Amino acid sequence: MVEKLTDGVYWVGVVDWSIRHFHGYELSVQRGTTYNAYLVVDEKIALIDTVWGPHRDKLIENIRQVADPSKIDVVVVNHSEPDHSGALPLVMHWAPKAEVVVSKRGMESVPGHYHERWNFRAVGTGDRISLGRRELVFVEAPMLHWPDSMFTYLAGADILMPNDAFGQHYATGFRFNDQADQNELYYEAMKYYANILAPFSDRVAKKISELLDMKLPVKMIAPSHGVIWRTEPMQIVEKYRGWAAQTPEKRAVIIYDTMWEATRMMAEAVGDGLAAGGVPHKIFRMALSDRNDVLTEIFRAKAVVVGSPVINGGLLPSVSPILEDIEGLKFKNKIGAAFGSYGWSGECVKLIEERLTKCKIPIVAPGVRAKWQPKAEDLEACRKLGAAVAAAVKGA
Ligand code: FEO
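Everything numeric in this text was worked out from a predicted model, so none of it was measured.

Caption draft 1: Region of the structure containing the packing of aromatic side chains. In total, this model carries 11 aromatic pairs according to the counting rule given. In textbook terms, an aromatic cluster arises when at least three aromatic residues are bridged by ring pairs, as seen for F166, Y193, Y240, W243, F299 and F331. Sitting over the ring of W94, R64 keeps its end group 4.6 Å from the ring centre. Directly above the ring of F176 sits R230, whose terminal nitrogen or CZ lies 4.0 Å from the centroid.

Here you go:
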């Protein structure tokens, strides 16, 4: 259902309730997502972003409820990733003469995806296109989160359309932030930041300062996923400022996997030590946990404690991927520790500590190893490890 944001501005996107994994690799989207596209009807008609290709017919159907798609004059492609540009060929089929507005880096990526000679126009920060009563103003936002990423601001309506920034993978029946479950909304916004934008936190902080310096009045922030921020729209900007600073909460996450329960018992003993030290914690068995949800918890937390048994001289295959994720997402200001069980070669703690060090996570307490099944003194050593991590968290 098309939604009016204000006079002459419409959401014409698609709600995808059924998707659970995003992009080819596993980004879990347990609450679905939306692909937001916006139609501005003025003396000229502009479409800001499209939707993922499989939903292209629905986009055209939605546009038709407001305007004839063949009358579109301007199509802004803020970012070429196919969840936003996938319907572009169909839009251009209906409006072949429309100007396709992209960032300078978009001049490479959009033709790189579609191999078409559309009527392209490259814009940079501060460039403007008048639609009549209103004007599109562009702000380049490279690496938030692709080189081609760009924000579009609709002057006159005071709506910022920042594409992926400030979004959430969150399918809802209503379109605006005040109509959503606030706990779900903020969890999904943080999950999105932790799993997509965290590596670019320095750029996020700079871009927010640049935007605030531009002193643009902002009545709404209309991202390309999730709900539109119309009630106190700057609340999500303030949240992003905090997330970009990566100042963690005084809490801990234990991630582990287990073959015959030895490492599970150790994980729970580490948790007991954290609890005794007064630090809230969560424990995740990685073979049974959603990696992106666990990464969100790690993003929030000061400490990450990792456990694995040894198999074939390495870590359990269910433990390794999240260590790669942590390294790639460049989480900052964390501390870490390791534990694990073994039968003969016993390199689990050493391997985990090497991986954490690669993630730039300092080890704050000596790791604990238990041979075969943990004895009472091994579990006591795990409790002491948890207590040492708790002390480091509280002292941080
Ligand atoms: Fe939502 Fe980077 O695409």
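Caption draft 2: How the structure looks around the domain arrangement of the chain. One can read the domain layout of the chain as domain 1 (3-244) and domain 2 (252-390). Distance between the C-alpha centres of domain 1 and domain 2: 39 Å. With 14 residues of domain 1 at the contact, the number on the domain 2 side is 13 residues. When the two sides are added together, the surface that domain 1 and domain 2 hide from each other amounts to roughly 1200 Å², 52% of it contributed by carbon and sulfur. Joining domain 1 to domain 2, the criterion identifies 2 salt bridges.

Caption draft 3: Molecular detail of the sheet that holds strand 18 (residues 281-285). Read from one edge to the other, the open sheet built from 5 strands follows the order 18-17-19-22-23, with strand pairing classed as parallel. The open sheet has two free edges, formed respectively by strand 18 and strand 23 (368-371), since each of these has just one partner strand. Neighbour-to-neighbour, the strand axes of this sheet turn through a mean angle of 15°, independent of strand direction. Pairing analysis gives 5 bridges linking strand 17 (residues 249-256) to strand 18, with the strands arranged parallel. Note on strand 18: the bridge partner recorded for A252 is H281. Strands in contact with helix 11 (residues 348-358) are strand 19 (301-307), strand 22 (335-342) and strand 23; relative to strand 22, the strand with the most contacts, it is inclined by about 155°. Strands in contact with helix 12 (residues 376-395) are strand 17, strand 19, strand 22 and strand 23; relative to strand 22, the strand with the most contacts, it is inclined by about 170°.

The rules behind these values
Residues numbered from 1 in each chain as written. Predicted model: local features only at pLDDT ≥ 70, side-chain atom pairs only at ≥ 80, totals over all residues. Heavy atoms only, no water. Phe/Tyr/Trp six-rings, centres within 6.5 Å; stacked < 30°, edge-to-face > 60°. Lys NZ or Arg CZ within 6 Å of the ring centre and 35° of its normal. Domains from an automatic or database assignment. Contact = heavy atoms within 4.5 Å. Buried area = accessible area lost by both parts, 1.4 Å probe. Salt bridge = Lys/Arg side-chain N within 4 Å of Asp/Glu carboxyl O. Pairing = 2+ DSSP bridges. Helix = DSSP H or I, 4+ residues; strand = E, 2+ residues; numbered from the N terminus. Axes fitted to C-alpha atoms, helices over the stretch in contact; angles between N-to-C directions.

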